[in-house]
Amino acid sequence: MAVQTHKVVVVGGGITGLSAAYYLQKQAVEQGLDIEITLIEVAHRLGGKIQTLQKDGFVIERGPDSFVSRKNSVQQLAVDLGIESQLVKSAPGKTHVAVENQLYPMPAGSVMGVPTNFGSFLTSGISSWFGKFRAMGDFVLPISTTAEDQPLGKFLKRRFGNELVENLIEPLFSGVFAGDIDRLSLKATFPELLETEQQYRSLIRGLKKNQVSEYRAFDTETEGMFQTFTGGLETLVHTLEKELANCTILKGVKVEKLVQQQTQVNLQLNNNASITADGVIFALPHSKLMPIFESLGLLKGMKDMPSTSIATVSIAFSEDAVTPARDCMGFVAARNSDLTITACSAAHLKWPSLMPPGKILYRSFIGRVGDEAVVELSDGEIVKAVLEDLQKLLGVEGKPEFTVVSRMKEAMPQYLVGHDGRVAEAKKELHEALPMVQIAGGSFEGFGLPACVDQGKAAANQLIERFTAELLSVEGNEQ
């Protein structure tokens, strides 16, 4: 019997799409399937938000700078690609919080701002005595009366009161999601909090006991909590592109329309060409999917999902020009601070092996829900505002050797209350209407690198299972 060839198109060349294409290719070989893969990317480069700049001996990330070590999806991908020897661990260091323009060290034992070391918390100036007393209410408050999704902020403020949440917990969560915790979904962002409350009643008690909690991944005082590669994250992108040498990669091409043709779909492209495929994986932001699926009456629940624009600002100095704050690995800023920066890391302390000797690099983030207009300022205005903040908080003065401003428009999808339900419904409707089509990426089930790799791999698995089932069915009919 002739081997059936399946044609698959992966739309989107970010880390989700690259992972999907790679695992499709890998599993096809392992399971003896003949699959022709085409990867379509609207930009003229692959990698999406991942973009590494090599400048004057610095390794500078324009987008994400690392991934969480506790989630091993990227490490496993690195092993599969044979580049695990190029992994680099972050150095340990102290994170601070800017509250009303004053820097305070993160209390020892904090788990995403939740205090588990009482001595450190009680002696910290990050909260008033009233705020500390109110936070201790977590020990006696009952569990939530509803299992329904709720705003993350509402849940946390009920447990700890407004002051601790606003001064410590919210800046950390906002640093991760660039969002408004009073609108973000508890279940879609940190479901473990609700599970911990249900099991222990007290979040403080539960997180103290749970030494493998996912939230401990943000403890910068432990070596290797984050990882990257010796050449930056784009090492992963370049290696994946090389591994996909047998795939057809189309850059600068956009999918404009999808038409179902019985058990296949036809993708119409902006270059007047079209591709008929047995399976498609769309690894695009939801805003880019809507023009394709809205006319088909699909993904309606995702239409009003907002996204936040942010920018990264990397500023390099010579050690001779400034006096670096050596005890501060970085900081996040509470909304009650008069700062442009929402979060900042001292890259020379976090990644010393990726910086030239005698140099300093501060990498700052600006922009979050309610404060996105700053991203639209000119590069000069943004750099000036960031320098003022660094001088105010860290005493950094002197002339920078260079600056790099990188804008990411609508880069941070906002998982609002009910997000999980809307995603589940969208995928259910899509499966019923177009079972040969998968969607994956940061708009759906996590936008960190490990989550995107997981989603790309899962989408590939779904198509592999579909093709395998079809093959077994054909073989069964022939017997």
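Residues numbered from 1 in each chain as written. Predicted model: local features only at pLDDT ≥ 70, side-chain atom pairs only at ≥ 80, totals over all residues. Heavy atoms only, no water.

**Re the overall build of the protein chain**
No. 1: Within the protein chain, the secondary structure is distributed over 15 helices and 20 strands.
No. 2: The C-alpha extent of the protein chain, read off along each of the three principal axes, is 75 × 55 × 40 Å.
No. 3: Expressed as a percentage of the 479 residues in the protein chain, the buried residues total 54%.
No. 4: Intrachain contacts of the protein chain at a sequence separation of at least 6 include 74% that bridge at least 24 residues.
No. 5: For the protein chain, the accessible surface area stands at approximately 20400 Å², while carbon and sulfur atoms represent 50% of it.
No. 6: Taking the 46 positively charged and 56 negatively charged side chains of the protein chain as two groups, their mean positions are separated by 4 Å. (Helix = DSSP H or I, 4+ residues; strand = E, 2+ residues; numbered from the N terminus. Buried < 20%, exposed > 50% of the residue type's maximum accessible area, 1.4 Å probe, protein only. Contact = heavy atoms within 4.5 Å. Areas by Shrake-Rupley, 256 points an atom, 1.4 Å probe, with all protein chains shown as cover. Lys, Arg positive; Asp, Glu negative; His and termini not counted. Charge placed at Lys NZ, Arg CZ, Asp CG, Glu CD.)

**Some details on the pattern of salt bridges**
No. 1: This structure, assessed with the given rule, holds 16 salt bridges.
No. 2: With a closest N to O distance of 2.7 Å, Arg407 and Asp379 form a salt bridge. Placement of Arg407 in strand 19 (residues 402-413) and of Asp379 in helix 13 (residues 379-394) is noted, with a sequence separation of 28 residues between them.
No. 3: On the basis of relative accessible area, Arg407 is assigned to the partly exposed category, the value being 32%.
No. 4: Residue classification places Asp379 among the partly exposed positions, given a relative accessible area of 37%.
No. 5: Overlapping salt bridges bring together Asp138, Arg158, Arg159 and Glu197 as one network. (Salt bridge = Lys/Arg side-chain N within 4 Å of Asp/Glu carboxyl O.)

**Structural notes on the sheet that holds strand 12 (residues 264-269)**
No. 1: Strand order in the open sheet formed by three strands is 11-12-13, and the pairing between neighbours is antiparallel. Looking at the sheet topology across the chains shown, the edges are occupied by strand 11 (255-261) and strand 13 (274-277). For this sheet the average axis-to-axis angle between neighbouring strands, irrespective of direction, equals 20 degrees.
No. 2: Strand direction decides the pairing type here: strand 11 and strand 12, joined by six bridges, are antiparallel. Counterpart to Lys257 in the pairing with strand 12 is Gln268. (Pairing = 2+ DSSP bridges. Axes fitted to C-alpha atoms, helices over the stretch in contact; angles between N-to-C directions.)

**As for the side chain of Ser443**
No. 1: As for its position among the elements, Ser443 is in the loop between strand 20 (437-439) and helix 15 (449-478).
No. 2: At a separation of 2.9 Å, a polar atom in the side chain of Ser443 contacts the side chain of His286.
No. 3: Not counting residues within four places of it along the chain, the set of residues in contact with Ser443 comprises Pro285, His286, Met302, Met305, Pro413, Tyr415 and His419. (Polar contact = N/O pair within 3.5 Å; in protein donor to acceptor, adjacent residues only side chain to side chain.)

**Remarks on helix 6 (residues 162-177)**
No. 1: With 16 residues, helix 6 extends just 19 Å between its outermost C-alpha atoms, more than 12% less than the 22 Å of an ideal straight helix rising 1.5 Å per residue.
No. 2: Bending of helix 6 peaks at approximately 45 degrees at the position of Ile169, with proline Pro171 no more than four residues after it.
No. 3: Those residues of helix 6 that fall on the buried side of the exposure criterion are Leu164, Val165, Asn167, Leu168, Ile169, Glu170, Pro171, Leu172, Phe173, Ser174 and Phe177.
No. 4: Phi turns positive, to about 50 degrees, at Ala178, one or two residues after helix 6. (Expected span 1.5 Å × (residues − 1). Bend = angle between axes of the 7 residues up to and from the residue.)

**Points about the nonpolar core**
No. 1: Ranked by size, the top nonpolar core spans 39 residues in total, and within it Val10, Leu24, Ile35, Leu77, Leu236 and Leu240 carry the most contacts.
No. 2: If we skip the residues at most four places from it in the chain, Ile35 touches His6, Val8, Ala28, Ile464 and Phe467. (Core = buried A, V, L, I, M, F, W, Y, C linked by side-chain atoms within 4.5 Å.)

**Overview of the layout of surface pockets**
No. 1: Taken as a whole, the second largest pocket spans an internal volume of roughly 250 Å³.
No. 2: Every residue lining the second largest pocket is listed: Lys427, Leu430, His431, Val437, Gln438, Ile439, Ala440, Glu445, Gln455, Ala458, Ala459 and Gln462.
No. 3: At the level of secondary structure, the elements contributing two or more residues to the lining of the second largest pocket comprise helix 14 (419-433), strand 20 and helix 15.
No. 4: Sorting elements by how many residues they give to the lining of the second largest pocket places helix 15 first, with four residues.
No. 5: Of the residues assigned to the lining of the second largest pocket, the class counts are six nonpolar, four polar and two charged. (1 Å grid on protein atoms, 1.4 Å probe; cavity = no way out; pocket = protein on both sides within 12 Å on 5 of 7 lines; lining within 4 Å. Points joined across faces, edges and corners; volume = space filled by probe spheres on them. Nonpolar A, V, L, I, M, F, W, Y, C, P; charged D, E, K, R; others polar.)

**Quick notes on empty space enclosed by the protein**
No. 1: Tallied over the full model, the rule gives one cavity of 30 Å³ or more.
No. 2: Space inside the largest cavity adds up to approximately 80 Å³.
No. 3: Taken together, the elements giving at least two residues each to the lining of the largest cavity come down to strand 4 (58-61) and strand 18 (359-366).
No. 4: Of all the elements, strand 4 adds the most residues to the lining of the largest cavity, at three residues.

**Details of the sheet that holds strand 5 (residues 67-68)**
No. 1: Across the sheet, three strands lie side by side as 5-9-6; this open sheet has antiparallel pairing. At either margin of the open sheet sits one strand with a lone partner, and together these are strand 5 and strand 6 (87-89).
No. 2: As judged from the two bridges shared by strand 5 and strand 9 (residues 226-229), these two strands associate in the antiparallel manner. Bridging from a neighbouring strand, Phe67 pairs with Gln227 of strand 9.

**Points about the packing of helix 1 (residues 15-31) against helix 10 (residues 234-243)**
No. 1: Relative to each other, helix 1 and helix 10 sit at 35 degrees, their axes nearing to 10 Å. Two packed elements cross with a definite hand, and for helix 1 against helix 10 that hand is left-handed. Between helix 1, through Ile15, Leu18, Tyr22 and Gln25, and helix 10, the contact on the second element is made entirely by Leu236, Val237, Leu240 and Glu243.
No. 2: Residue classes in the contact of helix 1 with helix 10 are distributed as six nonpolar, one polar and one charged. (Left-handed = near helix turned anticlockwise from the far one by under 90°.)

**Points about the packing of aromatic side chains**
How two aromatic rings sit relative to each other is set out by the distance from centre to centre and by the angle between their planes.
No. 1: Taken as a whole and assessed by the stated rule, the structure comprises nine aromatic pairs.
No. 2: A ring pair is formed by Phe58 and Phe402, whose centres lie 5.3 Å apart and whose planes are at 85 degrees; its orientation type is edge-to-face. Of the two residues, Phe58 sits in strand 4 while Phe402 sits in strand 19, which places them 344 residues apart along the sequence.
No. 3: Relative accessible area serves as the criterion here: at 1%, Phe58 is assigned to the buried category.
No. 4: Above the face of the Trp129 ring, Lys132 is positioned so that its terminal group lies 4.5 Å from the ring centre. (Phe/Tyr/Trp six-rings, centres within 6.5 Å; stacked < 30°, edge-to-face > 60°. Lys NZ or Arg CZ within 6 Å of the ring centre and 35° of its normal.)

**Considering the environment of Lys55**
No. 1: Within the fold, Lys55 resides in strand 3 (residues 52-55).
No. 2: Sequence spacing of Lys55 and Gly137 is 82 residues, and the spatial spacing of their C-alpha atoms is 50 Å.

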